[in-house]
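Report on the structure
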Amino acid sequence: QYSNKAIILDPIDGHTIGELIGSKGIVAIAFHPIENIVAGLQTDGKLLFWNFMNGNVIDSINTNHYFHFYFDSGGLLYSFDGKYIFTSGFDNIDKMWDIETKNIVNTFKNKGAYTYFINILSDSSNKIFASASHIWGFPREINLWNYENGNELFSLPGIIAVHFNKFCDQYIFN
């Protein structure tokens, strides 16, 4: 069961300095790379945006994702420039949203049963998005996409996560 509250802790001593409250359980959060905004994806598919400084909800998007109470599904992250946000859920369709217009820019359909991991794997020049899905009773798979045009670059079965080292342009798969 997911809580409808995200607690903000002081990184030095661990005391609570604030909370972000939604109407449903929060499955994922992401910090805006530039502004004092935190996004949270709820179990009802609603994407909330909070002012990090005061905890007030400032905007929302209905993503139409759905989530399973048992499986760890759901991902959320911002693009490096903060103009887009990526969402995923138990429906196995990842979405790229324009934050200003609230419109879907691209969708990415995985081959598995549900998405459990998403990541942006490059700086703003390469525009590579990765999503990992799990197929019932079968190995996991990573799909890499060009998020600007929505084309799948390639997929790797048996891989559970991928990360990008921006300092040497290398990918790390595990």
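This text gives an overview of the structure that appears in the document. What you are looking at is a predicted structure, and each value in this text was computed from that prediction instead of being measured.

Some remarks on the nonpolar core
- A39, L47, F49, L76, Y78 and I85 are the most contacted members of the largest nonpolar core, which has 14 residues in total.
- Secondary-structure elements contributing two or more residues to this core are β3 (26–31), β4 (37–42), β5 (46–51) and β7 (75–78).

Focus: the environment of S133
- Within the fold, S133 resides in strand β12 (residues 128–134).
- Through-space distance from the C-alpha of S133 to that of A161 is 9.7 Å; in sequence the pair is 28 residues apart.

Concerning the pattern of salt bridges
- Enumeration over the complete set of coordinates arrives at two salt bridges.
- The salt bridge partner of E19 is K5, with a shortest N-O separation of 3.7 Å. Of this pair, E19 sits in strand β2 (residues 16–21) while K5 sits in strand β1 (residues 5–9), and the two are 14 residues apart along the sequence.
- On the basis of relative accessibility, which here comes to 36%, the residue E19 falls in the partly exposed class.

What about the sheet that holds strand β6 (residues 57–62)?
- Taken together, the four strands give an open sheet; going across it, the order is β3-β4-β5-β6, and neighbouring strands pair in antiparallel fashion. Both edges of this open sheet fall to β3 and β6, since each of them pairs with a single strand only. Taking each pair of neighbouring strands and ignoring which way they run, the sheet shows an average axis angle of 20°.
- Alignment of β5 against β6, held across five bridges, turns out to be antiparallel. In the sheet register, L48 faces β6, and the bridge partner there is S60.

A short note on the pairing of β5
- Pairing of β4 with β5, which is carried by five bridges, proceeds in the antiparallel orientation. Each bridged residue has a counterpart across the sheet, and for G40 the counterpart in β5 is L48.
- Linking two consecutive strands that pair antiparallel, namely β4 and β5, is a turn of three residues; a positive phi of about 90° is found at G45 within it.

Focus on the side chain of T87
- Note that T87 resides in strand β8 (residues 84–88).
- Residue classification places T87 among the buried positions, given a relative accessible area of 0%.
- Residues contacting T87, with those up to four places away along its chain left out, are L41, L47, T63, H65, G75, L76, I93, D94, K95, W97 and I118.

Remarks on unusual backbone geometry
- Even without being glycine, K102 reaches a positive phi, approximately 65°.
- Its place among the elements puts K102 in the loop between β9 (93–98) and β10 (103–109).
- Relative accessible area serves as the criterion here: at 34%, K102 is assigned to the partly exposed category.

Digging into the packing of aromatic side chains
- Taken as a whole and assessed by the stated rule, the structure comprises six aromatic pairs.
- Measuring from ring centre to ring centre gives 5.1 Å for F86 and Y147, while their planes differ by 75°; the resulting arrangement is edge-to-face. A residue pair is termed long-range when its members are at least 10 positions apart, and F86 in strand β8 and Y147 in the loop between β13 (140–146) and β14 (152–157) qualify at 61 residues. For the residue pair F86 and Y147, the accessibility class agrees, reading buried in each case.

What to know about the sheet that holds β9
- Strand order in the open sheet formed by four strands is β7-β8-β9-β10, and the pairing between neighbours is antiparallel. The sheet is open, and its two edges are formed by β7 and β10, each paired on a single side. Averaged over neighbouring strand pairs, the angle between their axes works out to 15° when direction is ignored.
- Pairing between β9 and β10: six bridges, direction antiparallel. Paired with K95 across the bridge in β10 is T107.

Rules and cut-offs
Residues numbered from 1 in each chain as written. Predicted model: local features only at pLDDT ≥ 70, side-chain atom pairs only at ≥ 80, totals over all residues. Heavy atoms only, no water. Core = buried A, V, L, I, M, F, W, Y, C linked by side-chain atoms within 4.5 Å. Buried < 20%, exposed > 50% of the residue type's maximum accessible area, 1.4 Å probe, protein only. Helix = DSSP H or I, 4+ residues; strand = E, 2+ residues; numbered from the N terminus. Salt bridge = Lys/Arg side-chain N within 4 Å of Asp/Glu carboxyl O. Pairing = 2+ DSSP bridges. Axes fitted to C-alpha atoms, helices over the stretch in contact; angles between N-to-C directions. Contact = heavy atoms within 4.5 Å. Phe/Tyr/Trp six-rings, centres within 6.5 Å; stacked < 30°, edge-to-face > 60°.

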